[in-house]
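# Structural features, examined
This is what each chain is made of:
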Amino acid sequence: MKGMSLTSAGAGSSVDDVPSIGVGMLGYAFMGKAHSNAYRTIPYMTRPPLAPRLVSLAGRSREKVAEAARRYGFAAYCTDWRDIVGDDAVGLFDDCGPNSVHAEASIAAAESGKHVLCEKPLGRDADESFVAWQRVEKARVKHMCAFNYRFVPAVRLAKEIIDAGDLGEIRHFRGRYLQESIIDPARAMTWRLSKESAGSGAVGDLGAHVIDLGRYLVGEVSAVMAATRTFIPERPGGKVDVDDAFEAVVEFAGGAVGTLEASRLCLGRKNALSWEINGSKGSLAFDLERLNELQVALHDPDSRRTGDGFRTVLVSEAQHPFSEYWWPPGHLIGWEHTFVHEIHHLLTAIAEDGPVGPHGATFEDGYRAAEICDAILRSATTGSREQISYRGG
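In what follows, the accompanying structure is described. (Residues numbered from 1 in each chain as written. Predicted model: local features only at pLDDT ≥ 70, side-chain atom pairs only at ≥ 80, totals over all residues. Heavy atoms only, no water.)

Leaving glycine aside, a negative phi is the common case for residues, and trans is the common case for peptide bonds. Here the amide bond leading from K120 into P121 is cis, since omega sits at -10 degrees, within 30 degrees of zero. Inspection of the secondary structure puts P121 in the loop between β6 (115-119) and α5 (126-138). Following G357, the chain continues into P358 via a peptide bond in cis, with omega recorded as 5 degrees. Checked against the element boundaries, P358 lands in the loop between α9 (337-352) and α10 (363-382). Here F322, not a glycine, exhibits a phi torsion of approximately 70 degrees, which is positive. Relative to the assigned elements, F322 resides in the loop between β17 (311-314) and α9. (Helix = DSSP H or I, 4+ residues; strand = E, 2+ residues; numbered from the N terminus.)

Here it is in C-alpha coordinates:
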(Lines give C-alpha, C1' and ligand atoms only; values in the text may rest on other atoms or scores of the structure.)
Protein backbone atom coordinates (compact mmCIF):
# COMPACT_ATOMS: atom_id res chain seq x y z
CA MET A 1 0.00 0.00 0.00
CA LYS A 2 1.31 3.44 -0.94
CA GLY A 3 2.53 5.51 1.95
CA MET A 4 2.82 2.52 4.31
CA SER A 5 6.08 1.79 6.10
CA LEU A 6 7.33 -0.71 8.66
CA THR A 7 10.20 1.56 9.62
CA SER A 8 10.37 4.31 12.22
CA ALA A 9 7.30 6.50 12.22
CA GLY A 10 9.43 9.61 11.66
CA ALA A 11 8.20 13.20 11.41
CA GLY A 12 4.95 13.90 13.16
CA SER A 13 4.97 10.68 15.19
CA SER A 14 6.76 9.16 18.19
CA VAL A 15 5.79 5.50 17.75
CA ASP A 16 8.80 3.60 16.40
CA ASP A 17 7.66 -0.01 16.69
CA VAL A 18 4.39 0.04 14.70
CA PRO A 19 3.78 0.49 10.98
CA SER A 20 3.35 4.07 9.83
CA ILE A 21 1.31 5.76 7.13
CA GLY A 22 2.19 8.93 5.30
CA VAL A 23 -0.36 11.73 5.55
CA GLY A 24 -0.84 14.45 2.98
CA MET A 25 -3.24 17.27 3.84
CA LEU A 26 -4.99 19.95 1.81
CA GLY A 27 -5.78 23.05 3.88
CA TYR A 28 -3.96 24.62 6.82
CA ALA A 29 -6.54 26.93 8.42
CA PHE A 30 -9.26 26.03 10.96
CA MET A 31 -9.82 22.36 10.06
CA GLY A 32 -6.24 21.83 8.95
CA LYS A 33 -5.07 22.93 12.38
CA ALA A 34 -7.61 20.70 14.15
CA HIS A 35 -6.67 17.63 12.09
CA SER A 36 -2.94 18.29 12.43
CA ASN A 37 -3.29 18.53 16.19
CA ALA A 38 -5.01 15.13 16.17
CA TYR A 39 -2.27 13.49 14.10
CA ARG A 40 0.35 14.81 16.51
CA THR A 41 -1.63 13.67 19.57
CA ILE A 42 -2.62 10.18 18.39
CA PRO A 43 0.76 8.40 18.66
CA TYR A 44 1.48 9.23 22.29
CA MET A 45 -2.11 9.12 23.64
CA THR A 46 -3.72 6.20 21.84
CA ARG A 47 -0.97 3.91 20.51
CA PRO A 48 -2.68 3.40 17.13
CA PRO A 49 -2.23 0.38 14.84
CA LEU A 50 -0.78 2.82 12.29
CA ALA A 51 1.34 5.80 13.24
CA PRO A 52 0.73 8.90 11.10
CA ARG A 53 3.75 10.51 9.41
CA LEU A 54 3.08 14.07 8.34
CA VAL A 55 4.50 14.08 4.82
CA SER A 56 3.16 17.15 3.01
CA LEU A 57 0.76 20.07 3.46
CA ALA A 58 -0.91 21.92 0.58
CA GLY A 59 -2.30 25.45 0.50
CA ARG A 60 -2.74 28.34 -1.93
CA SER A 61 -0.37 30.81 -0.24
CA ARG A 62 3.24 29.63 -0.33
CA GLU A 63 4.23 31.84 2.60
CA LYS A 64 1.31 30.77 4.80
CA VAL A 65 1.47 27.07 4.00
CA ALA A 66 5.22 27.02 4.63
CA GLU A 67 4.69 28.54 8.07
CA ALA A 68 1.81 26.14 8.83
CA ALA A 69 3.85 23.12 7.74
CA ARG A 70 6.64 24.18 10.08
CA ARG A 71 4.30 24.68 13.04
CA TYR A 72 2.23 21.53 12.49
CA GLY A 73 5.23 19.28 11.81
CA PHE A 74 4.84 18.41 8.13
CA ALA A 75 8.08 17.44 6.40
CA ALA A 76 7.22 19.34 3.20
CA TYR A 77 4.64 21.70 1.70
CA CYS A 78 3.28 22.64 -1.73
CA THR A 79 0.77 25.01 -3.34
CA ASP A 80 -0.95 22.40 -5.53
CA TRP A 81 -2.78 19.48 -3.90
CA ARG A 82 -2.12 17.43 -7.02
CA ASP A 83 1.51 17.18 -5.90
CA ILE A 84 0.31 15.31 -2.82
CA VAL A 85 -1.94 13.05 -4.88
CA GLY A 86 1.08 12.08 -6.97
CA ASP A 87 3.36 11.46 -3.98
CA ASP A 88 3.92 7.75 -3.29
CA ALA A 89 5.03 8.57 0.25
CA VAL A 90 1.41 9.54 1.04
CA GLY A 91 -1.02 6.75 1.93
CA LEU A 92 -3.79 8.88 3.47
CA PHE A 93 -5.10 12.07 1.87
CA ASP A 94 -6.85 14.46 4.27
CA ASP A 95 -9.01 17.05 2.50
CA CYS A 96 -9.57 20.12 4.69
CA GLY A 97 -9.85 22.51 1.75
CA PRO A 98 -12.85 24.62 0.73
CA ASN A 99 -16.05 22.79 -0.22
CA SER A 100 -15.38 23.40 -3.90
CA VAL A 101 -12.41 21.00 -3.90
CA HIS A 102 -13.77 18.30 -1.60
CA ALA A 103 -15.09 16.03 -4.33
CA GLU A 104 -12.43 16.67 -6.98
CA ALA A 105 -9.42 16.24 -4.71
CA SER A 106 -10.88 13.25 -2.84
CA ILE A 107 -11.65 11.44 -6.08
CA ALA A 108 -8.17 12.10 -7.46
CA ALA A 109 -6.52 10.86 -4.27
CA ALA A 110 -8.62 7.70 -4.09
CA GLU A 111 -8.03 6.87 -7.74
CA SER A 112 -4.29 7.17 -7.07
CA GLY A 113 -4.64 4.48 -4.39
CA LYS A 114 -4.79 6.67 -1.27
CA HIS A 115 -7.24 6.34 1.58
CA VAL A 116 -9.29 9.51 2.01
CA LEU A 117 -10.57 11.60 4.89
CA CYS A 118 -12.71 14.50 3.66
CA GLU A 119 -14.20 17.28 5.73
CA LYS A 120 -17.93 17.79 5.48
CA PRO A 121 -19.87 18.57 3.41
CA LEU A 122 -18.70 15.89 0.99
CA GLY A 123 -19.73 18.05 -1.97
CA ARG A 124 -21.50 21.30 -2.73
CA ASP A 125 -24.70 19.43 -3.53
CA ALA A 126 -26.06 15.89 -3.67
CA ASP A 127 -25.03 15.34 -7.30
CA GLU A 128 -21.40 16.19 -6.60
CA SER A 129 -21.45 14.15 -3.38
CA PHE A 130 -22.95 11.13 -5.13
CA VAL A 131 -20.21 11.14 -7.79
CA ALA A 132 -17.55 11.43 -5.08
CA TRP A 133 -18.99 8.47 -3.17
CA GLN A 134 -19.36 6.28 -6.24
CA ARG A 135 -15.89 6.92 -7.62
CA VAL A 136 -14.08 6.68 -4.29
CA GLU A 137 -15.97 3.49 -3.42
CA LYS A 138 -14.98 2.02 -6.78
CA ALA A 139 -11.32 2.76 -5.99
CA ARG A 140 -11.56 0.28 -3.06
CA VAL A 141 -9.87 2.50 -0.51
CA LYS A 142 -11.04 3.41 2.97
CA HIS A 143 -13.07 6.63 3.00
CA MET A 144 -14.50 8.77 5.76
CA CYS A 145 -16.51 12.00 5.73
CA ALA A 146 -15.40 13.98 8.77
CA PHE A 147 -18.52 14.29 10.89
CA ASN A 148 -16.47 14.54 14.07
CA TYR A 149 -19.42 14.89 16.45
CA ARG A 150 -20.08 11.16 16.12
CA PHE A 151 -16.89 10.85 18.18
CA VAL A 152 -17.96 12.88 21.21
CA PRO A 153 -18.01 10.40 24.14
CA ALA A 154 -21.50 11.56 25.21
CA VAL A 155 -22.84 11.07 21.68
CA ARG A 156 -21.34 7.58 21.50
CA LEU A 157 -22.85 6.75 24.91
CA ALA A 158 -26.21 7.96 23.61
CA LYS A 159 -25.84 5.62 20.64
CA GLU A 160 -25.18 2.71 22.99
CA ILE A 161 -28.25 3.56 25.08
CA ILE A 162 -30.46 3.80 21.99
CA ASP A 163 -29.10 0.60 20.43
CA ALA A 164 -29.74 -1.25 23.69
CA GLY A 165 -33.43 -0.30 23.40
CA ASP A 166 -33.46 1.71 26.61
CA LEU A 167 -35.41 4.58 25.01
CA GLY A 168 -38.01 2.24 23.57
CA GLU A 169 -39.71 3.48 20.40
CA ILE A 170 -37.98 6.62 19.16
CA ARG A 171 -40.64 9.26 18.53
CA HIS A 172 -38.96 12.64 18.28
CA PHE A 173 -35.62 14.28 17.44
CA ARG A 174 -34.83 17.95 17.84
CA GLY A 175 -31.48 19.29 16.65
CA ARG A 176 -30.09 22.78 16.33
CA TYR A 177 -26.74 24.41 15.59
CA LEU A 178 -26.47 28.13 16.31
CA GLN A 179 -23.49 30.47 15.96
CA GLU A 180 -22.87 34.21 15.81
CA SER A 181 -19.96 33.80 13.38
CA ILE A 182 -21.17 36.13 10.62
CA ILE A 183 -23.65 38.37 12.43
CA ASP A 184 -21.62 41.53 11.72
CA PRO A 185 -22.85 42.92 8.36
CA ALA A 186 -19.46 44.59 7.91
CA ARG A 187 -17.76 41.21 7.74
CA ALA A 188 -16.33 40.78 4.27
CA MET A 189 -17.36 38.13 1.76
CA THR A 190 -15.66 34.75 2.08
CA TRP A 191 -15.99 31.50 0.14
CA ARG A 192 -18.48 30.28 2.75
CA LEU A 193 -20.97 32.95 1.59
CA SER A 194 -20.81 31.98 -2.09
CA LYS A 195 -22.95 29.23 -3.61
CA GLU A 196 -20.32 28.53 -6.24
CA SER A 197 -17.66 27.71 -3.67
CA ALA A 198 -19.70 26.53 -0.66
CA GLY A 199 -22.87 25.08 -2.20
CA SER A 200 -25.08 26.41 0.60
CA GLY A 201 -24.81 28.48 3.77
CA ALA A 202 -26.00 27.44 7.22
CA VAL A 203 -27.60 24.33 5.69
CA GLY A 204 -24.34 22.72 4.58
CA ASP A 205 -22.01 24.37 7.07
CA LEU A 206 -23.89 23.75 10.32
CA GLY A 207 -27.06 21.91 9.38
CA ALA A 208 -25.13 19.00 7.89
CA HIS A 209 -23.80 18.17 11.36
CA VAL A 210 -27.30 18.12 12.86
CA ILE A 211 -28.57 16.04 9.94
CA ASP A 212 -25.77 13.52 10.35
CA LEU A 213 -26.38 13.17 14.08
CA GLY A 214 -30.09 12.62 13.42
CA ARG A 215 -29.25 9.88 10.90
CA TYR A 216 -26.65 8.32 13.19
CA LEU A 217 -28.80 8.27 16.33
CA VAL A 218 -32.37 7.95 15.03
CA GLY A 219 -32.24 6.69 11.44
CA GLU A 220 -32.83 7.73 7.88
CA VAL A 221 -34.72 10.90 7.05
CA SER A 222 -37.57 10.27 4.62
CA ALA A 223 -39.21 13.70 4.14
CA VAL A 224 -38.66 17.36 4.93
CA MET A 225 -40.47 20.69 4.83
CA ALA A 226 -38.33 23.78 5.34
CA ALA A 227 -37.76 27.52 5.18
CA THR A 228 -34.51 29.42 4.64
CA ARG A 229 -33.57 33.09 4.90
CA THR A 230 -30.68 35.32 3.84
CA PHE A 231 -30.84 38.29 6.18
CA ILE A 232 -27.69 40.06 5.00
CA PRO A 233 -27.79 39.79 1.20
CA GLU A 234 -24.77 41.99 0.51
CA ARG A 235 -21.43 42.30 2.25
CA PRO A 236 -18.16 44.11 1.56
CA GLY A 237 -16.78 42.37 -1.50
CA GLY A 238 -19.94 40.96 -3.03
CA LYS A 239 -23.49 39.62 -2.87
CA VAL A 240 -24.41 36.71 -0.61
CA ASP A 241 -26.28 33.96 -2.47
CA VAL A 242 -26.53 31.32 0.27
CA ASP A 243 -28.78 30.99 3.32
CA ASP A 244 -28.01 32.57 6.68
CA ALA A 245 -30.48 30.35 8.54
CA PHE A 246 -32.95 27.51 8.05
CA GLU A 247 -35.77 25.76 9.88
CA ALA A 248 -37.05 22.31 8.90
CA VAL A 249 -39.61 19.75 9.99
CA VAL A 250 -38.49 16.22 9.19
CA GLU A 251 -39.90 12.73 9.15
CA PHE A 252 -37.79 9.65 9.78
CA ALA A 253 -38.25 6.34 7.98
CA GLY A 254 -38.72 4.62 11.33
CA GLY A 255 -41.76 6.75 12.19
CA ALA A 256 -40.22 9.49 14.35
CA VAL A 257 -40.72 13.18 13.62
CA GLY A 258 -38.38 16.03 14.33
CA THR A 259 -37.11 19.54 13.78
CA LEU A 260 -33.77 20.79 12.51
CA GLU A 261 -32.46 24.34 12.58
CA ALA A 262 -29.23 26.23 12.08
CA SER A 263 -28.16 29.85 11.93
CA ARG A 264 -24.89 31.78 11.81
CA LEU A 265 -26.57 35.01 13.02
CA CYS A 266 -27.36 34.26 16.68
CA LEU A 267 -25.64 36.78 18.91
CA GLY A 268 -24.22 35.13 22.02
CA ARG A 269 -24.15 31.64 20.52
CA LYS A 270 -20.53 30.62 20.05
CA ASN A 271 -20.80 26.97 19.01
CA ALA A 272 -24.22 25.91 20.25
CA LEU A 273 -24.90 22.46 18.85
CA SER A 274 -27.60 20.67 20.82
CA TRP A 275 -30.05 17.83 20.31
CA GLU A 276 -32.77 15.94 22.16
CA ILE A 277 -34.25 12.50 21.49
CA ASN A 278 -37.53 11.37 23.01
CA GLY A 279 -38.72 7.77 23.08
CA SER A 280 -41.51 5.75 24.66
CA LYS A 281 -39.31 4.76 27.63
CA GLY A 282 -36.88 7.63 27.95
CA SER A 283 -35.19 10.76 26.64
CA LEU A 284 -31.65 11.98 26.02
CA ALA A 285 -30.34 15.52 25.59
CA PHE A 286 -26.92 16.95 24.72
CA ASP A 287 -25.30 20.39 24.48
CA LEU A 288 -21.88 20.67 22.82
CA GLU A 289 -20.93 23.57 25.06
CA ARG A 290 -21.17 21.02 27.91
CA LEU A 291 -19.36 18.39 25.86
CA ASN A 292 -18.64 15.91 28.66
CA GLU A 293 -22.25 15.67 29.83
CA LEU A 294 -25.26 13.66 28.68
CA GLN A 295 -28.73 14.33 30.05
CA VAL A 296 -30.61 11.07 30.64
CA ALA A 297 -34.22 10.40 31.65
CA LEU A 298 -35.24 6.72 31.66
CA HIS A 299 -38.51 5.14 32.73
CA ASP A 300 -38.05 2.59 35.51
CA PRO A 301 -41.33 0.85 36.36
CA ASP A 302 -39.83 -0.44 39.63
CA SER A 303 -38.80 2.99 40.83
CA ARG A 304 -40.98 5.58 42.53
CA ARG A 305 -38.60 8.27 41.24
CA THR A 306 -39.25 7.74 37.50
CA GLY A 307 -40.78 11.19 37.08
CA ASP A 308 -37.88 13.09 38.61
CA GLY A 309 -36.70 14.39 35.23
CA PHE A 310 -33.26 14.35 33.68
CA ARG A 311 -30.08 13.37 35.48
CA THR A 312 -26.65 14.50 34.34
CA VAL A 313 -24.15 11.80 33.43
CA LEU A 314 -20.55 12.98 33.38
CA VAL A 315 -19.17 10.87 30.52
CA SER A 316 -15.64 10.37 31.85
CA GLU A 317 -15.83 7.07 33.72
CA ALA A 318 -13.63 4.10 32.89
CA GLN A 319 -16.53 2.24 31.23
CA HIS A 320 -17.48 5.16 28.99
CA PRO A 321 -16.57 5.49 25.28
CA PHE A 322 -12.97 6.55 24.48
CA SER A 323 -11.99 6.82 28.16
CA GLU A 324 -9.03 4.45 27.68
CA TYR A 325 -7.19 7.21 25.79
CA TRP A 326 -7.41 9.93 28.39
CA TRP A 327 -7.46 10.74 32.08
CA PRO A 328 -8.90 9.47 35.38
CA PRO A 329 -12.68 9.97 35.90
CA GLY A 330 -13.73 13.60 36.12
CA HIS A 331 -10.69 14.91 34.22
CA LEU A 332 -12.46 16.29 31.19
CA ILE A 333 -11.54 16.32 27.52
CA GLY A 334 -12.20 18.98 24.88
CA TRP A 335 -13.56 19.62 21.40
CA GLU A 336 -10.19 18.94 19.76
CA HIS A 337 -10.19 15.36 21.04
CA THR A 338 -13.14 14.42 18.85
CA PHE A 339 -10.69 14.55 15.92
CA VAL A 340 -8.29 12.25 17.77
CA HIS A 341 -11.07 9.67 18.14
CA GLU A 342 -12.22 10.12 14.55
CA ILE A 343 -8.81 9.76 12.92
CA HIS A 344 -7.82 6.89 15.23
CA HIS A 345 -10.98 5.11 14.04
CA LEU A 346 -9.98 5.58 10.41
CA LEU A 347 -6.39 4.44 11.02
CA THR A 348 -7.75 1.29 12.67
CA ALA A 349 -9.99 0.57 9.69
CA ILE A 350 -7.02 0.98 7.35
CA ALA A 351 -4.66 -1.17 9.44
CA GLU A 352 -7.17 -3.98 10.02
CA ASP A 353 -8.96 -3.69 6.68
CA GLY A 354 -12.16 -3.20 8.67
CA PRO A 355 -15.28 -1.13 8.07
CA VAL A 356 -15.43 2.62 8.65
CA GLY A 357 -19.16 2.46 9.40
CA PRO A 358 -21.42 2.36 11.25
CA HIS A 359 -19.71 4.63 13.77
CA GLY A 360 -17.56 6.46 11.27
CA ALA A 361 -19.34 8.39 8.53
CA THR A 362 -18.47 6.96 5.12
CA PHE A 363 -18.72 8.84 1.84
CA GLU A 364 -22.16 7.27 1.47
CA ASP A 365 -23.17 8.96 4.72
CA GLY A 366 -21.76 12.21 3.35
CA TYR A 367 -23.82 11.79 0.19
CA ARG A 368 -27.02 11.02 2.11
CA ALA A 369 -26.58 14.08 4.31
CA ALA A 370 -26.16 16.14 1.12
CA GLU A 371 -29.38 14.70 -0.28
CA ILE A 372 -31.22 15.95 2.81
CA CYS A 373 -29.53 19.35 2.56
CA ASP A 374 -30.70 19.63 -1.05
CA ALA A 375 -34.24 18.65 -0.06
CA ILE A 376 -34.27 21.41 2.57
CA LEU A 377 -33.24 23.96 -0.05
CA ARG A 378 -35.84 22.68 -2.55
CA SER A 379 -38.61 22.78 0.02
CA ALA A 380 -37.68 26.32 0.98
CA THR A 381 -38.01 27.32 -2.69
CA THR A 382 -41.23 25.47 -3.49
CA GLY A 383 -42.94 25.71 -0.11
CA SER A 384 -43.82 22.03 -0.37
CA ARG A 385 -43.02 18.86 1.52
CA GLU A 386 -40.13 17.05 -0.14
CA GLN A 387 -40.00 13.26 -0.11
CA ILE A 388 -36.37 12.13 -0.11
CA SER A 389 -35.05 9.30 -2.26
CA TYR A 390 -31.50 8.01 -2.16
CA ARG A 391 -29.45 6.79 -5.09
CA GLY A 392 -27.09 3.86 -5.20
CA GLY A 393 -28.94 1.30 -3.12
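Glancing now at α5. Over its 13 residues, α5 runs 18 Å from end to end, which matches the ideal 18 Å to within 8%, given 1.5 Å per residue. Within α5, burial applies to A126, E128, S129, F130, A132, W133 and V136. Packing partners of the buried residues in α5 comprise α4 (102-111), β7 (143-146) and α10. Where α5 begins, one side-chain oxygen reaches toward the backbone nitrogen of D127, 3.2 Å away; that side chain belongs to D125. Looking at the residues trailing α5, positive phi occurs at R140, about 60 degrees. (Expected span 1.5 Å × (residues − 1). Buried < 20%, exposed > 50% of the residue type's maximum accessible area, 1.4 Å probe, protein only. Contact = heavy atoms within 4.5 Å. Polar contact = N/O pair within 3.5 Å; in protein donor to acceptor, adjacent residues only side chain to side chain.)

Structurally, T338 is set in helix α9. Ignoring any residue separated from it by four or fewer positions in sequence, one finds T338 in contact with N148, F151 and V152.

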